[in-house]
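Here's the letter readout for the chains.
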Protein chains: 4
Amino acid sequence: MIIVMQPNADKEQIKHVEEQIKAFGFQAHPIYGEFKTVIGAIGDKTGFDSQVFLNMPGVETVVPIMKPYKLVSRELKSDNTVVDVNGVKIGDEKLISIAGPCAIESERQIMDIACAVKKAGADMLRGGAYKPRTSPYAFQGLGEDGLKLLAQAGQETGLRVVTEVVDPRDVELVASYADMLQIGARNMQNYRLLQEIGASKKPVILKRGISATIEEWLMAAEYILYNGNTNVVLCERGIRTYETATRNTLDLNAIPLLKELTHLPVIVDPSHATGLWRLVPSVSMGVIAAGADGLIIEVHNDPSHALSDGPQSILPERFAELMVNLKALAAIIGRSI
Amino acid sequence: MIIVMQPNADKEQIKHVEEQIKAFGFQAHPIYGEFKTVIGAIGDKTGFDSQVFLNMPGVETVVPIMKPYKLVSRELKSDNTVVDVNGVKIGDEKLISIAGPCAIESERQIMDIACAVKKAGADMLRGGAYKPRTSPYAFQGLGEDGLKLLAQAGQETGLRVVTEVVDPRDVELVASYADMLQIGARNMQNYRLLQEIGASKKPVILKRGISATIEEWLMAAEYILYNGNTNVVLCERGIRTYETATRNTLDLNAIPLLKELTHLPVIVDPSHATGLWRLVPSVSMGVIAAGADGLIIEVHNDPSHALSDGPQSILPERFAELMVNLKALAAIIGRSI
Amino acid sequence: MIIVMQPNADKEQIKHVEEQIKAFGFQAHPIYGEFKTVIGAIGDKTGFDSQVFLNMPGVETVVPIMKPYKLVSRELKSDNTVVDVNGVKIGDEKLISIAGPCAIESERQIMDIACAVKKAGADMLRGGAYKPRTSPYAFQGLGEDGLKLLAQAGQETGLRVVTEVVDPRDVELVASYADMLQIGARNMQNYRLLQEIGASKKPVILKRGISATIEEWLMAAEYILYNGNTNVVLCERGIRTYETATRNTLDLNAIPLLKELTHLPVIVDPSHATGLWRLVPSVSMGVIAAGADGLIIEVHNDPSHALSDGPQSILPERFAELMVNLKALAAIIGRSI
Amino acid sequence: MIIVMQPNADKEQIKHVEEQIKAFGFQAHPIYGEFKTVIGAIGDKTGFDSQVFLNMPGVETVVPIMKPYKLVSRELKSDNTVVDVNGVKIGDEKLISIAGPCAIESERQIMDIACAVKKAGADMLRGGAYKPRTSPYAFQGLGEDGLKLLAQAGQETGLRVVTEVVDPRDVELVASYADMLQIGARNMQNYRLLQEIGASKKPVILKRGISATIEEWLMAAEYILYNGNTNVVLCERGIRTYETATRNTLDLNAIPLLKELTHLPVIVDPSHATGLWRLVPSVSMGVIAAGADGLIIEVHNDPSHALSDGPQSILPERFAELMVNLKALAAIIGRSI
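Residues numbered from 1 in each chain as written. Chains lettered and ligands numbered in written order. Predicted model: local features only at pLDDT ≥ 70, side-chain atom pairs only at ≥ 80, totals over all residues. Heavy atoms only, no water.

## Thoughts on the interface of chain B and chain D
Test applied: Contact definition: two residues touch when any of their heavy atoms are within 4.5 Å. When two parts are brought into contact, each loses some accessible area as probed by a 1.4 Å sphere; the total of that loss over both is the buried area. A carboxyl oxygen of Asp or Glu within 4 Å of a side-chain nitrogen of Lys or Arg is what we treat as a salt bridge. Here a polar contact is recorded for every N or O atom pair within 3.5 Å, except that within protein the pair must consist of a potential hydrogen donor and a potential acceptor, and residues adjacent in sequence are included only if both atoms are side-chain atoms. What counts as a helix is a DSSP run of H or I of at least four residues, what counts as a strand is a run of E of at least two, and both are numbered from the N terminus. Amino acid classes used here: Ala, Val, Leu, Ile, Met, Phe, Trp, Tyr, Cys and Pro are nonpolar; Asp, Glu, Lys and Arg are charged; the rest, including Gly, are polar.
Taken together, the contact pairs 37 residues of chain B with 37 residues of chain D. Buried area between chain B and chain D, summed over both chains or domains, comes out near 2,900 Å², and the portion from carbon and sulfur atoms is 67%. In this structure, the connection of chain B to chain D is made through four salt bridges. At the junction of chain B with chain D, the criterion picks out 14 residue pairs in polar contact (both at pLDDT 80 or more). Sorting the residues of the side of chain B that touches chain D by element identifies helix H7 (254-261), helix H8 (270-274), helix H9 (280-289) and helix H10 (316-332) of chain B as the ones contributing at least two each. Of the residues forming the side of chain B that touches chain D, the biggest block, six residues, is contributed by H9 of chain B. For the side of chain B that touches chain D, a count of residues per class yields 21 nonpolar, 10 polar and six charged.

Shown next, in the form of structure tokens:
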């Protein structure tokens, strides 16, 4: 890290910081400028909180130089990670499509949607059994009954299934029904949940937190890898900004930037990113053209009566149309779907 | 709610929406404008997701009229709630001051700080035993050993103690040591944790989420009250904005606005809100003058070697100075400290 | 608009609001709910500030129903506007590519770049002569000398030229050299500038303000149309968010949403949206796949010595590669380039 | 500045950057770490764009060390600047209060309000003659007729008057009527306007831009000082965030932080910061307790019929009450009003 001293810092203060740098186990390399002295601290101490220097007399700012993450970094592992979900590979040349309702509502509903998205060419089925809702009065999901219906729909259609887990106590149970777990935006920094999922080794989709920076998101993934699970897929789902015309703001830049910074696969959820079904097809095309490895899309056969997220769900027939367009797009960017 | 139809919506579509309004159990009151028709839906159905209308043909937008929260609302309960933490009352005429380190590091550290803040006039001691850190490599807290040290420091000084709980599995354990629980910003929408704390009846500080709206924050409090615990204190701790000169942006408006919207007490954490100890005293004076019921401040006797949050911790002597100034301020706004 | 009364509003207050609604020239349509009364105010009064009701006793909130813009609205004009820049058409089936340096630095520089981007297939040349810089110490552009160089480069290559105008006093001068004007992000709400450009009838690119909502952006365009100029092209250039890994956050959702709301063409500036040249090609592909009508890209032949925006400028050879990829993309979305 | 090289940068690349550092007139001081090399560039070149290094092979990031502003910095001038507005001093021990309507509407209106705020103890009268409105259909102000009414109200009451200028062409005219100019939030980066006002030497209130960082705001002030005018008062008026419950978010941290960074006076506009008159008194108390030098408050005698900003205007009687409370507050923080 680099410690920048205040313009009026005296020799005593500079000496004190140098001593502290050494006491923490680094080497100190001061550079004396005309107005300010900066001191480089050399050494690799992962997890060291460089901000402690901020409280020492004469210090103006501290600039970290090393990235805080390691295991997820492309500097450590230059080739792409491919996550294998019982045979469905995410992060490979083939683009992945995951589709299904926000919430599992009934056997009929999940089976109908599963068949429709399978027919349209989806690789995996999504559906929530435990729903983190902003209101305690809203539908909270069917729980384990929902998991059973999801697993059944997966078996009957041959689709792999993914579902959200919201409580560290549920990881084992959910993992017993699902091919892949999902960590929702609100739980991106639920570290106990990350630790349990890290220990489980199950493939997992890690959604970006509602206002998470890319660095914080990668640090959340780092928690999972650090706890032993390398099967992590990152999912951009829009971030919170001042714009209210859409539910969230899809951060398109994040896709090529993540491809530089990390070896993990990156998919996109255009449903949450927009909150408006009419925008979903255009946005889906855009993120794939920008380099995403796949999509997770909310599809419902009766959105007006969906128990959650109706306004952002598309009909199965629109999903099928989108798949046709994605196929043409994949061809010209050297991928398939 | 009000359903706004598109300008080109036809009679069929308007009729269909009216029928759906009735099918959901509301009364329908259409108003035919020159350009647009709007339809009022009358009835009280807490938890009903008004957005389902968005997917019906001809609908432009839906405007909710009822607030989504009830139990926390001043409309329901007009007098201030006073939360009693084993004799220390929060939300009453007397302002409350909670002080202590970010993390409990050792017996010596917590005892020294506890004695210092007690001497300066603090009502309660804070200190973290379970730390939600962005990095898996950073100090994660002493766990139950920390809780024991905190409880001991509380007993020896007579200060009530408050500490964060991060896992629904830990609520009972933490509640057995602490007088009051804290839900951190990252867990404001960890609904399982809210439910367990709701069931525990223990007084709790609910921090505002890093980018939570005031409505989402009140909904999180609603979860706790809905599950049976009315002893909730809201804590503004700054929100995430584009400004990087400070760690967060303290939303001063939130204080008088919350006083209008809810009967729950409101305190402020100036340490996280600023991230810079030099700003803590001024900001503390400001929020009390604006109507906050108290403060929770990070105080450390050796911030340069604190295991977390050193840069935002103030020294005990500065805390003592601040308490003197707060006393003068309290007097002129009809309160005491 | 809809006026929502407080739950405890009395008959007197409701009557007073109804009278005021009529006094302002609207019809009043009250709906009496179980908890709240809402009053619809019918009538079209463009520019009426509905918020005046907020100050009347018993009023809780006011909900506008009519969109505040008219002339830019697709409700008014359903077919796409095509802006003709001396023969180059923006908003038509053919995608448009505008390329060139951030700032015009010398005859040699602008000519070299103009030739290179012409060769790669660009339709128009960009280059700034008046630069709005955050620092008074930074290069502010060559002024009229720059305009002359730009016009000359345009004539010699056959490219149409576009350049920014920052002062209402300069509109006529800039319009005498350039085929198209540009309003930068910092001037999106410089209403005097909008008025002058509205009066000039010259084609204009209106960049989105740094933190402008889509509605505010459309209102800025409305100012130009209202003053008589319909030749407006909207340009998404990223918005300010909390994310600091990139210069701005490209709002991908804005593209399909604008296509719904307005008949004006929409292009994207991936250079400012990302701030990092390495991300420009991927993002360019993404926005075109999502429905944008064209791109405006910073291209420089020596980015390390560019007088501004070097880090986000791509080399002419990378621009040429991108054009090849865009051609393939255009073909599969029913467009050309 | 510090140039951070990529971990895999080779000797050639490092050497090239060192040579470029020298070519730009700096000294180069490399520090070779275990994983990364960082190179310090020593020398003071105000206005140099350090980001040019970002485009050189092997460079990862560039960290500026020097602050980009000079003239406004407390490092340059350690004592507070006191701005003298024809005898009314801003930034001195005495707190300043500026009050009046958003827009001047009529002789009667401005005179009535002027008399009322004078009686309550205001130092200065505010009132807009040129209104930057988001809608071209909204009331745009009375123009020069408004300026005359404002000047007249100032003369009759003995209040100094301040009003906004929105066009560089109007600076001289507005300065001939007003004691002090105001640059609104939308024009904070209207550099031509800043330059004209810099040249005019007239005292000026510089409002923070809608989403301006503190650094950008200080750079805007730097433009004015650089052009010759040191009579600048900074005005925090809330920033744009995701929170929609209030019009803007008041950044309380900005007040003590600005007091550290700059010698210029800092006042606050609680009316725009909140958008809700009910919050104005609490917020006013808060910002003064946090160290602001004064307030600029919208006061209207008939807010329900104000031609703009009615919802955030307080009645004269509430302003008078607030002044009484501010007097008590001033006494305990060592100031007067």
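## Some words on the interface of chain D and chain C
Buried accessible area, meaning the area lost when the parts come together, often serves as the stated size of an interface. With 55 residues of chain D in contact, the opposing surface of chain C contributes 55 residues. Regarding the contact of chain D and chain C, the summed buried area is about 4,600 Å², with carbon and sulfur atoms giving 49% of it. Contact with chain C buries surface across chain D, with Asn55, Tyr137 and Arg192 of chain D losing the most and accounting together for 17% of the total. At the boundary of chain D with chain C, the tally comes to eight salt bridges. One salt bridge in this structure joins arginine 169 of chain D and glutamate 196 of chain C, with 2.9 Å as the shortest N-O distance.

## Some words on helix H10 (residues 316-332) of chain C
Residues and elements named next belong to chain C. Here is the rule: An expected span of 1.5 Å times one less than the residue number is assigned to each helix. Throughout this description, buried means an accessible area under 20% of the type-specific maximum (1.4 Å probe, protein chains only), exposed means over 50%, and partly exposed covers the range between. Summarising the geometry, the arc corresponds to the directions from the helix axis toward the C-beta atoms.
Along its 17 residues, H10 runs 25 Å from first to last C-alpha, staying within 8% of the 24 Å computed at 1.5 Å per residue. The complete set of buried residues in H10 reads Pro316, Phe319, Leu322, Met323, Leu326, Leu329 and Ala330. The buried residues of H10 occupy an angular sector of 125° when projected down its axis, which confines them to one face. Turned more than 90 degrees away from the buried face of H10 sit Glu321, Val324, Lys327 and Ala331, all of them exposed.

## What to know about the sheet that holds strand E1 (residues 2-5) of chain C
All names here are of chain C. This is how it is decided: For two strands to count as paired, DSSP must find a minimum of two bridges between them. Here an angle of 0 to 180 degrees is reported between the N-to-C directions of two axes, which are lines fitted to C-alpha atoms, with helices fitted over the stretch in contact.
The four strands are arranged E2-E3-E1-E4 in an open sheet whose pairing can be described as antiparallel. Where the open sheet ends on each side, the last strands, each with one partner, are strand E2 (27-32) and strand E4 (59-63). Averaged over all neighbouring strand pairs, the angle between strand axes comes to 20°, with direction disregarded. Bridging between E1 and E4 involves four bridges; their strand directions are antiparallel. Within E4, the position partnered with isoleucine 2 by the bridge is valine 63. Together, E1, E2, strand E3 (37-42) and E4 form the strand contacts of helix H1 (residues 11-23), whose direction differs from that of E2 by roughly 155°.

## Notes on a nonpolar patch on the surface
Inclusion rule: Within the patch definition used here, like charges are joined within 9 Å and nonpolar side chains (Val, Leu, Ile, Met, Phe, Trp, Tyr) within 5 Å, considering only residues with over 30% relative accessible area and no salt bridge. What sets the accessible areas is the Shrake-Rupley method with a 1.4 Å probe; for residues, cover comes only from the shown protein chains.
Together, Leu71, Leu76 and Tyr226 of chain C make up a nonpolar patch on the protein surface, roughly 300 Å² of accessible area in all. On the secondary structure map, leucine 76 of chain C appears in the loop between E4 and strand E5 (83-85).

## Things to note about the UniProt feature "domain: DAHP synthetase I/KDSA" (unreviewed entry) in chain A
The line we're drawing: UniProt positions are given in the numbering used here, feature names are shortened, and annotations may be inferred rather than shown by experiment.
Following the UniProt record, the feature "domain: DAHP synthetase I/KDSA" (unreviewed entry) maps to residues 83-327 of chain A here. Between the C-alpha atoms that bound residues 83-327 of chain A there is a distance of 22 Å. The span itself is 38% helix and 16% strand.

## Quick notes on the nonpolar core
Most often, soluble globular proteins keep nonpolar side chains buried together rather than apart. So the rule is basically this: Think of a nonpolar core as a cluster: buried Ala, Val, Leu, Ile, Met, Phe, Trp, Tyr and Cys residues, connected wherever their side-chain atoms sit within 4.5 Å.
Core analysis: the biggest nonpolar cluster contains 161 residues, and Leu206 of chain A together with Leu206 and Val287 of chain C have the highest contact counts within it. Residues in contact with leucine 206 of chain C, not counting those within four places in the same chain, are Ile183, Met188, Leu194, Trp217, Ala220, Ala221, Ile224, Val232, Val233, Leu234 and Cys235 of chain C. Counting residues in each nonpolar core, the second largest holds 160 residues, with Leu261 of chain B together with Tyr130, Ile183 and Ile255 of chain D among its members.

## Details of the packing of helix H5 (residues 191-200) of chain C against helix H6 (residues 214-226) of chain C
All names here are of chain C. Test applied: Oblique is the label for every angle not falling under 35 degrees (roughly parallel), over 145 degrees (roughly antiparallel), or within 65 to 115 degrees (roughly perpendicular). Left-handed is the label given to a crossing in which the near helix is rotated counterclockwise from the far helix by less than a right angle, and right-handed is the label when the rotation is clockwise.
Taken N-terminus to C-terminus, the directions of H5 and H6 make an angle of 40°; their axes are 7 Å apart at the nearest point. One element, H5, and the other, H6, form an angle in the oblique class. Pair H5 / H6 crosses with right-handed handedness. The segment H5 lies against H6, with Tyr191, Leu194, Gln195, Ile197 and Gly198 engaging Ala220, Tyr223 and Ile224.

## Description of the sheet that holds strand E4 (residues 59-63) of chain D
Residue and element names in this part refer to chain D. Read from one edge of the open sheet, four strands run E2-E3-E1-E4, paired in antiparallel fashion. Taken across any chain shown, the strands that pair with only one partner, and hence form the sheet edges, are strand E2 (27-32) and E4. Direction aside, the axes of adjacent strands within the sheet are offset by 20° on average. Against the sheet, helix H1 (residues 11-23) engages strand E1 (2-5), E2, strand E3 (37-42) and E4, with an angle of about 155° to E2.

## Regarding the pairing of strand E12 (residues 232-236) of chain D
Residues and elements named next belong to chain D. To keep it simple, the criterion reads: With its strands directed away from the observer, a crossover is right-handed exactly when the path from the first strand over the helix to the second travels clockwise.
Of all five residues that make up E12, five are buried, and the element is covered over most of its length. Along E12, one buried face is formed by Val232, Leu234 and Glu236 and the opposite face, lined by Val233 and Cys235, is buried too. Bridge count for strand E11 (residues 204-207) against E12 is four bridges, and the pairing is parallel. Considered in E12, the bridge of lysine 207 is made with cysteine 235. After leaving E11, the chain enters helix H6 (residues 214-226) and then returns to the sheet as E12, a path that is right-handed. Handedness of the crossover joining E12 and strand E13 (residues 266-268) through helix H7 (residues 254-261) is recorded here as right-handed.

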